[in-house]
Amino acid sequence: MDNNTTKAPALVIYYDQQTCSRCLGSGRFSYNQITGDRCFKCGGSGTVDTRDGAKARAAILAKREELYGRAIEDVKVGETAKLPGAAMFARARWAVVTESRADDLNPGFWLLRGQHSGLGGHRSHRIHVHTPAAGAAVLAFAATLKGCTVGPKKAAQ
Ligand SMILES: [Zn+2]
């Protein structure tokens, strides 16, 4: 566990699921050389969002953008932002910002850095900044929606 990632929230959103109609819940479909036999419709999980679940997911995505979205140059050192990993294709993760400044070498660009991660982007490029208040507001919003439930995070499998 990296010490720069924030602790996972105690509550998470679960979207209503139904059995994948393509693989009938097995998570597997006909074999190909790129993805093997993993079903591309459900990503191998065997389930997909219900109609209401998909609507809830879209509504919460929009709510997160409203509450977390911030122009890159407005992100302050010490805030927790979603930054890509340092290596190419590394998974984005929440990290405490250690540096936020204009990119001297690239006019119009802004640099954000966290431990083990960094991000450069055009000014006004939007990234997500997490605050406890925004997190609580997203969960409260989710609790009002059909198609999802808010519950304790399940242990990793
Ligand atoms: Zn499937």
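You'll find the structure just up there.
Parameters at a glance
Residues numbered from 1 in each chain as written. Predicted model: local features only at pLDDT ≥ 70, side-chain atom pairs only at ≥ 80, totals over all residues. Helix = DSSP H or I, 4+ residues; strand = E, 2+ residues; numbered from the N terminus. Contact = placed C-beta atoms within 7 Å. Axes fitted to C-alpha atoms, helices over the stretch in contact; angles between N-to-C directions. Parallel < 35°, antiparallel > 145°, perpendicular 65-115°, else oblique. Left-handed = near helix turned anticlockwise from the far one by under 90°. Pairing = 2+ DSSP bridges. Core = buried A, V, L, I, M, F, W, Y, C linked by C-beta atoms within 7 Å. Buried ≥ 20, exposed ≤ 12 C-beta atoms within 10 Å, placed from the backbone.

Chemist: Explain the overall build of the protein to me, please; I cannot follow it from the model alone.
Modeler: Across its full length, the protein holds two helices and 12 strands. In the protein, the succession of α and β elements from N to C terminus is β-β-β-β-β-α-β-β-β-β-β-β-α-β. Projecting the C-alpha coordinates of the protein onto the three principal axes gives extents of approximately 55 × 40 × 30 Å. Taking all contacts inside the protein whose residues are at least 6 apart in sequence as the whole, residues at least 24 apart take part in 58%.

Chemist: How should I be thinking about the packing of helix α1 (residues 51–68) against helix α2 (residues 132–143) in this particular structure?
Modeler: Two measures define how a pair of helices packs: the angle their axes make with one another and the distance between the axes. At their nearest, the axes of α1 and α2 sit 10 Å apart, and the two run at 155° to each other. Classified by the angle their axes make, α1 and α2 are roughly antiparallel. When you trace α1 past α2, the crossing you get is right-handed. Contacts between α1 and α2 pair I60, K63, R64, L67 and Y68 from the former with A134, A137, V138, F141 and A142 from the latter.

Chemist: What exactly am I supposed to notice about the pairing of strand β8 (residues 93–102) here?
Modeler: On a regular strand, each side chain points to the face opposite its neighbour's, so the side chains alternate between the two faces of the sheet. The pairing of strand β7 (residues 80–83) with β8 spans four bridges and is classified as antiparallel. Following the sheet pairing, L83 is matched in β8 by R93. Across five bridges, β8 lies against strand β9 (residues 109–114) in antiparallel orientation. The partner of R101 across the bridge, within β9, is L111.

Chemist: Can you walk me through the nonpolar core in this structure?
Modeler: Across soluble globular proteins, nonpolar side chains show a tendency to be buried alongside one another. In this structure, I72, V75, A81, L83, A95, V97, W110, L112, L119, I127 and V129 together form the largest nonpolar core, which totals 11 residues. Counting only elements with at least two residues in this core, the list comes to β7, β8, β9 and β11 (126–130). Judged by nonpolar contacts, the second largest core, of five residues, contains A56, V138, A142 and C148.

What is shown is where atoms sit, not what they do.
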